[in-house]
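# An overview of the molecular structure
In case you want the letters, here they are:
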Amino acid sequence: MAALCTLTEAKTHLNITTSTNDAELTVFLDVASDLVEAQANRVWRDTTYTEYHAGGTDTLVLFHSPVLDVTSITDNGTALDSGSWVLHAEFGRIHFPDYCLIGGDSEVVVVYDAGAATVPNLVRQATLETVRHLWQTQRGSMGARNPLSGDDYASPTTFSLPMRAAELLDKLAFRGGIG
């Protein structure tokens, strides 16, 4: 699965001009992309999911959105016709207007793709800021100044997603541009 921004973008953001650390930066890009999507509770990278739901309802809420395509839905092993449901892709909801899934003890399996056609600029920036944070903490450059001795010391961090990235994602949600 591709990251939410490119290696070139990350290197430019960090002012890195060599390829010495490309492998490490690629790992940071993947981790940063996972963290950003988890924080936003949203996926932008096209990913296939298989989910298991209980029946007994006329609406399913999928765990990932926006939904790009539903590959299949089975109810207790029986494939449902694609005309029997309505997909609300933006919110990851599937409604069955003329059909109630068999019962609360039935197993409904949904296979679908979720993601977005484009990655919003705020998401890209949040990913780059998270890469910057991972890069700097790996190198010990996130230390704080000790006012008593003037020496630099490393203050431990207890988070993986920097506040700057979280604030960018909050702005995205506030503007309604999470999709």
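Residues numbered from 1 in each chain as written. Predicted model: local features only at pLDDT ≥ 70, side-chain atom pairs only at ≥ 80, totals over all residues. Heavy atoms only, no water.

Turning our attention to the pattern of salt bridges. Oppositely charged side chains can form a pair if their charged atoms are brought close together. In this structure the tally under the stated criterion is 7 salt bridges. In this structure, Arg45 engages Glu37 in a salt bridge whose closest nitrogen and oxygen atoms are separated by 2.7 Å. With respect to burial, Arg45 and Glu37 carry one shared label: buried. Put simply, Glu129 and Arg132 hold a salt bridge, and the shortest N to O gap is 2.8 Å. Taken together, the residues span about one helical turn, with Glu129 and Arg132 both in helix 3 (residues 121-138) at a distance of 3 residues. Among the residues examined, Arg132 registers a relative accessible area of 17% and is labelled buried. Among the charged side chains, a network of salt bridges with common partners joins Asp34, Glu37 and Arg45. (Salt bridge = Lys/Arg side-chain N within 4 Å of Asp/Glu carboxyl O. Buried < 20%, exposed > 50% of the residue type's maximum accessible area, 1.4 Å probe, protein only. Helix = DSSP H or I, 4+ residues; strand = E, 2+ residues; numbered from the N terminus.)

Another aspect to go through is the nonpolar core. Of all hydrophobic cores here, the largest spans 15 residues; its most connected members are Val70, Ile73, Trp85, Ile94, Phe96, Val110 and Tyr112. Secondary structure elements with two or more residues in this core: strand 3 (67-75) and strand 7 (107-114). The dominant element in this core, judged by the number of residues it contributes, is strand 7, at 4 residues. Counting residues in hydrophobic clusters, the runner-up holds 14 residues, among them Ala40, Trp44, Val123 and Leu161. (Core = buried A, V, L, I, M, F, W, Y, C linked by side-chain atoms within 4.5 Å.)

Taken together, the 3 strands give an open sheet; going across it, the order is 2-6-5, and neighbouring strands pair in antiparallel fashion. At either margin of the open sheet sits one strand with a lone partner, and together these are strand 2 (59-61) and strand 5 (86-88). Ignoring which end each strand starts from, the neighbouring axes of this sheet average 15° apart. Examined bridge by bridge, strand 2 and strand 6 (residues 93-95) share 3 bridges and lie antiparallel to one another. Bridging across to strand 6, Thr59 finds its partner in His95. (Pairing = 2+ DSSP bridges. Axes fitted to C-alpha atoms, helices over the stretch in contact; angles between N-to-C directions.)

Turning next to helix 3. With 18 residues, helix 3 should cover 26 Å at 1.5 Å per step; its first-to-last C-alpha distance of 26 Å lies within 8% of that length. Trailing helix 3 by a residue or two, Gly140 shows a phi angle of about 70°, which is positive. (Expected span 1.5 Å × (residues − 1).)

Let us look at the packing of helix 2 (residues 22-40) against helix 3. At a minimum axis distance of 8 Å, the contact between helix 2 and helix 3 shows a crossing angle of 125°. Viewed along their axes, helix 2 and helix 3 adopt a mutual orientation that is oblique. Taken as a pair, helix 2 and helix 3 cross one another with a handedness that is right-handed. Every residue of helix 3 that contacts helix 2 at Glu24, Leu25, Phe28, Leu29, Val31, Ala32, Ser33, Leu35 and Val36 is listed here: Val123, Ala126, Thr127, Thr130, Val131, Leu134, Trp135 and Gln138. (Parallel < 35°, antiparallel > 145°, perpendicular 65-115°, else oblique. Left-handed = near helix turned anticlockwise from the far one by under 90°. Contact = heavy atoms within 4.5 Å.)

Burial along strand 1 (residues 47-54) is one-sided: Thr47, Tyr49, Glu51 and His53 are buried, and none of Thr48, Thr50, Tyr52 and Ala54, which face the opposite way, are. When strand 1 meets strand 7, the two strands line up antiparallel, connected through 8 bridges. The residue of strand 7 that forms the bridge with Ala54 is Glu107.

Let us now look at the sheet that holds strand 3. Here 4 strands make up an open sheet; going across it, the order is 1-7-3-4 and the pairing antiparallel. Lying at the two open borders of the sheet, with one neighbouring strand each, are strand 1 and strand 4 (78-79).

This next bit is on unusual backbone geometry. Residue Pro66 follows Ser65 across a cis peptide bond; omega there is 0°. Locating Pro66 in the fold gives a position in the loop between strand 2 and strand 3. Positive phi, normally seen in glycine, also occurs at Asn15, with a value near 60°. You can see Asn15 is positioned in the loop between helix 1 (7-13) and helix 2. With a phi angle near 50°, Asn41 is a residue other than glycine that sits in the positive phi range. Inspection of the secondary structure assignment puts Asn41 in the loop between helix 2 and strand 1.

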